[in-house]
Amino acid sequence: MTKKEIVGILEEIAVLLEIKGENPFKVRAYQNGARALETVEDKVADLIESDRLDKIRGVGDALAKKIVTLHETGSLEYHDSLKASVPPGLLEMLEIPGLGGKKVKAIYGKLGVTSIEELTAACEAGKVADLPGFGPKSQTRILEGIHNREVYGKRHLWWHAREVAEPILEGLRGLPEVERAEHAGSLRRSRETVGDLDFIVASDEPQPVMDWFTGQGWVGEVTAKGETKSSVRMESGLQVDLRVVPSNQFAFALHHFTGSKEHNVSMRQRALGRGYSLSEWGLTEVEEGPRDPEAVSPIREGSPCDPAEIRTEEALFDFLGMEYVPPELREDMGEIESAESDGLPELIRPGDLRGAFHNHTTASDGSSTMAEMAEAADALGWEYLGIADHSKASFQANGLDEARLEKQITTIREFNESGQANARLFAGVECDILPDGRLDLAESVLEQLDYVVVSIHSSFTQSTDVVTQRMIRAIEHPCTTMVGHLTGRILLQREGYAVDVLRVIDAAAANGVIIELNANPYRLDMDWRYWRRAVGKGVLCSINPDAHEAVHLSFVDAGVRIARKGWLTAGQVLNTWPLDRVEGYLAGRGR
Ligand code: DGT
Ligand code: CA
Ligand code: CA
Ligand code: ZN
């Protein structure tokens, strides 16, 4: 078991004990142990080997033994029996935001509620609001949480799905019977969330491929196993579909199962216009001939004349008189028309980034120091890194007041002069937008910074008009460089604030303010559907990891995917620019 998994189990034990109303000291022992283990740098195996586990502050003798058992066997009798002694519905209730062990205990103990259905009924009857420590507001929040869980519960974050998909793809490609293998579906199109995973394999011997696939250790349940298609469900609930086709169908199957459905419909229309029927199997001539007599296939030099010769998606698009449409763009949002006239943009690529601007350090709620962040930027070969810790209104994140920020600015300037890192650090801040739209910090300090990110972290429930005005007021502030996480959404967990995105885009354009593409895989905010409109109005993008830890810089991978999905080119993204151009831009912003 990995450290992360062990920490998860210790935390779950603490919650289970809380639900059972056990001694608070015992609960705290597991909470503290989990936190202590999480924060030590060493690997669990090394700690055990060198006999240092029980020497960690917060990990006693008894807990150390349990950690060893978990590490070595992957399970713990004590945990299993504890879990079995609590109605399973209570554990599910813990997944609702705002419900921890104590609250679940109160709901269970006072109302006898043991499932989500019963909880819904209790909320609707107003019984939860009457419990001590709850009230009508938290009752409404619980109901919202239940609703969101139903709506979102069936989907998975792209970032997590990709982690799962990579080794499966590697495994498939490693099989001797497999000629080609690709993932398809929403994962390949880089949707922010995915329903299930889809893999397409070219092989003349499907049987051993299916056997390998359905026999993997991570398979929880085989829901279908056929000659050309199998489906399995993982323990996490994620479903995985595999289709095996002969290699002459591979390009068609890959295109079809990459989707989207809407893109496929338009592609079929286009094929019919040229006298062909397009399906997952191939292209066949239709008897009645081309619907659009002007259209001739193929129109490009070097294109295959015979559809039976098509082996790649490139050739398929070519045959239909189109340039290649990258999977991210296949949403039937204008890509077909653009590809007909060679009008697709040259999309940004992962290697194009040279830095990032929204990053936290231990000065506020980050867990890496400034030096560690700079080192991580160096490791990525970046030319610059912006430090943007929270401001004082975000007190729960230990936000900086004017005095601490001024000190940090000095530290950053000194760090740059010290030559400790190759990456140049920019001094910034993630300044709270107060509920009335004023900024949280005095202009006299904001003026000294290289740049200012402005974000909303409070009063999420304001009406569209109020929150939009609030944000526009912040955008109009002369010190504002860019807007952070535009809607504050947390994917699969909570909706954003009700901000009118189109009006904010107009205000950003009018004031020369950048809009962030927050690359945290849970945010991916501003949404990809708005970027074409924004850059069309001249708004610049900045792909920001919102890193709270050095490893989070890699979130920009998700950001670049989403930027591609938003049709962005490298030039439209500030942090692809070389250092001197960025310096010139920031200096020209009038500070
Ligand atoms: P997901 O899994 O909900 O995140 O979204 P997708 O796009 O991966 O959808 P999925 O897994 O149901 O199917 C994969 C692709 O297969 C889909 O994007 C397009 C294609 N496809 C599936 N069913 C149909 C259909 O009924 N009509 C058309 N035209 N295409 C389909
Ligand atoms: Ca899918
Ligand atoms: Ca599927
Ligand atoms: Zn923030």
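Along each chain, the written sequence defines residue order, and numbers are assigned to residues from 1. All chains are assigned letters beginning with A, and all ligands numbers beginning with 1, in the order in which they are written. Per-residue local features are limited, in this predicted model, to residues with pLDDT of at least 70; the limit for side-chain atom pairs, both in listing and counting, is 80 or more; totals at the level of whole chains, interfaces and linings are taken over all residues. Water and hydrogen atoms play no part in the side-chain values, which are based on all heavy atoms of the structure.

Remarks on the coordination of the calcium ion (ligand 3)
Here comes step 1: Distances from the calcium ion (ligand 3) to its protein donors, Asp196 (OD), Asp196 (OD), Asp198 (OD) and Asp241 (OD), fall at 2.3 to 2.8 Å.
Here comes step 2: Water is not among the atoms examined, so metal sites may look incomplete; donors are the N, O and S atoms within 2.8 Å of the metal, or within 3.2 Å for Na, K and Ca. Between the two metal centres, the calcium ion (ligand 3) and the calcium ion (ligand 2), the spacing is 3.7 Å, with aspartate 196 acting as a shared donor. Linking aspartate 198 in strand 4 (residues 196-202) with aspartate 241 in strand 7 (residues 239-245), this pair joins segments that are 43 residues apart in sequence. Pair check on accessibility: aspartate 198 and aspartate 241 agree, each one buried. Under the scheme used here, helices are H or I runs from DSSP no shorter than 4 residues and strands are E runs no shorter than 2 residues, and both carry numbers assigned from the N terminus. Only protein chains enter the calculation, and the probe is 1.4 Å; a residue is then buried if its accessible area is under 20% of its type maximum, exposed if over 50%, and partly exposed in between.

Side note on the site of ligand 1
Here comes step 1: Near ligand 1, the surroundings consist of 16 residues, among which Arg155, Ser186, Arg189, Gly195 and Asp196 are the closest.
Here comes step 2: Between ligand 1 and arginine 155 there is a distance of 2.9 Å, counted from an oxygen atom to a side-chain nitrogen or oxygen.
Here comes step 3: Within the contact set of ligand 1, a nitrogen atom lies 3.5 Å away from a side-chain nitrogen or oxygen of asparagine 264.
Here comes step 4: Burial of ligand 1 by the surrounding chains reaches 70%, relative to a free accessible area of 590 Å².
Here comes step 5: Elements with a contribution of two residues or more to the shell around ligand 1: helix 11 (185-188), strand 4, helix 13 (250-258) and helix 14 (261-273).
Here comes step 6: Residue assignment places the shell around ligand 1 across two domains, with domain 2 (156-245) and domain 3 (259-340) each supplying three or more. Note on terminology: near, applied to a residue and a molecule or strand, indicates that one of the residue's heavy atoms is within 4 Å of it. Residues adjacent in sequence count toward polar contacts only when both atoms are side-chain atoms; beyond that, a polar contact is any pair of N or O atoms within 3.5 Å, and within protein one must be able to donate a hydrogen and the other to accept it. Only the protein chains shown count as cover for residues, and all accessible areas are computed by the Shrake-Rupley method using a 1.4 Å probe. The split of the chain into domains comes from an automatic or database domain assignment.

Concerning the pattern of salt bridges
Here comes step 1: Only one rule defines a salt bridge in this text: a Lys or Arg side-chain nitrogen within 4 Å of an Asp or Glu carboxyl oxygen. Under the definition given, this model contains 28 salt bridges.
Here comes step 2: In this structure, glutamate 331 engages arginine 189 in a salt bridge whose closest nitrogen and oxygen atoms are separated by 3.0 Å. Of this pair, glutamate 331 sits in the loop between helix 15 (313-319) and helix 16 (335-340) while arginine 189 sits in the loop between helix 11 and strand 3 (193-194); the two residues are 142 residues apart in sequence, bridging distant segments of the chain.
Here comes step 3: Residue arginine 189 is classed as buried on the basis of its relative accessible area of 9%.
Here comes step 4: A salt bridge links glutamate 192 to arginine 529; its shortest N-O distance comes to 3.3 Å. Here the residue glutamate 192 occupies a position in the loop between helix 11 and strand 3, and arginine 529 occupies one in the loop between strand 15 (514-518) and helix 22 (531-536), the gap between them amounting to 337 residues.

A look at the coordination of the zinc ion (ligand 4)
Here comes step 1: Taken together, Glu430 (OE), His457 (NE2) and His485 (NE2) make up the protein donors of the zinc ion (ligand 4), found 2.1 to 2.2 Å from the metal.
Here comes step 2: Mapping the donors of the zinc ion (ligand 4) onto the primary sequence gives the spacing E-x26-H-x27-H. Taken together, the residues span a long stretch of sequence, with histidine 457 in the loop between strand 13 (453-455) and helix 20 (464-475) and histidine 485 in the loop between strand 14 (482-483) and helix 21 (501-511) at a distance of 28 residues.
Here comes step 3: Residue classification places histidine 485 among the buried residues on the basis of a relative accessible area of 2%.

Focus on the sheet that holds strand 5 (residues 219-225)
Here comes step 1: Here, any two strands with at least 2 DSSP bridges between them count as paired. If you trace the five strands from one edge of the open sheet to the other, you get 2-4-7-6-5, paired in mixed fashion. Edge positions in the sheet fall to strand 2 (180-184) and strand 5, since each of these pairs with one other strand and no more. Here the average twist between neighbouring strands, direction ignored, is 20°.
Here comes step 2: As judged from the five bridges shared by strand 2 and strand 4, these two strands associate in the antiparallel manner. Residue pairing in the sheet places alanine 184 in a bridge with aspartate 198 of strand 4.
Here comes step 3: On top of the sheet, helix 12 (residues 206-214) reaches strand 4, strand 5, strand 6 (229-234) and strand 7; it is set at about 170° to strand 7, its chief contact. Lines are fitted to the C-alpha atoms to define the axes, a helix being fitted only along its stretch in contact, and any angle between axes, read from their N-to-C directions, falls within 0 to 180 degrees. Should any heavy atoms of two residues lie within 4.5 Å, those residues are considered in contact.

A closer look at the environment of alanine 356
Here comes step 1: In this fold, alanine 356 is placed in strand 10 (residues 355-356).
Here comes step 2: In this structure alanine 356 touches Trp382, Tyr384, Leu385, Gly386, Ile543, Asn544, Pro545 and Asn575, once residues within four positions along its chain are discounted.

Observations regarding empty space enclosed by the protein
Here comes step 1: Cavities and pockets are found on a 1 Å grid laid over the protein atoms alone: a cavity is a set of points where a 1.4 Å probe fits but cannot escape, a pocket is an open set with protein on both sides within 12 Å along at least five of seven lines, and a lining residue has an atom within 4 Å of such a point. Grid points are joined across faces, edges and corners, and a volume is the space filled by probe spheres set on the points. Scanning the model with the defined rule gives two cavities of 30 Å³ or more in all.
Here comes step 2: Looking at the largest cavity, its volume works out to about 50 Å³.
Here comes step 3: Around the largest cavity sit Phe252, His255, His256, Asn264, Arg268, Leu278, Ser279, Glu280 and Leu316, which together line it.
Here comes step 4: Taken as a whole, the second largest cavity encloses approximately 40 Å³ of empty space.

Overview of helix 12
Here comes step 1: When we look at burial in helix 12, the residues that qualify are Val209, Met210, Phe213 and Thr214. The arc that holds every buried residue of helix 12, seen down its axis, measures 120°, which confines them to one face.
Here comes step 2: In this fold, the buried residues of helix 12 make contact with helix 10 (158-174), strand 4, strand 5, strand 6 and strand 7. By construction, the arc corresponds to the directions joining the helix axis to the C-beta atoms.

Re the domain arrangement of the protein
Note: interface size is frequently given as the accessible area lost on complex formation between the parts.
Here comes step 1: What the domain assignment reports for the protein is domain 1 (3-152), domain 2 (156-245), domain 3 (259-340) and domain 4 (350-587).
Here comes step 2: Placing the centre of domain 1 and that of domain 4 at their C-alpha centroids yields a distance of 34 Å.

Focus on the sheet that holds strand 13
Here comes step 1: Spatially, seven strands are ordered 10-11-12-13-14-15-16 in an open sheet, and the strand pairing comes out parallel. Single-partner strands in this sheet number two, and they are strand 10 and strand 16 (541-544).
Here comes step 2: Where strand 13 and strand 14 come together, two bridges link them in parallel fashion. From the neighbouring strand, valine 454 faces strand 14, where its bridge partner is valine 483.

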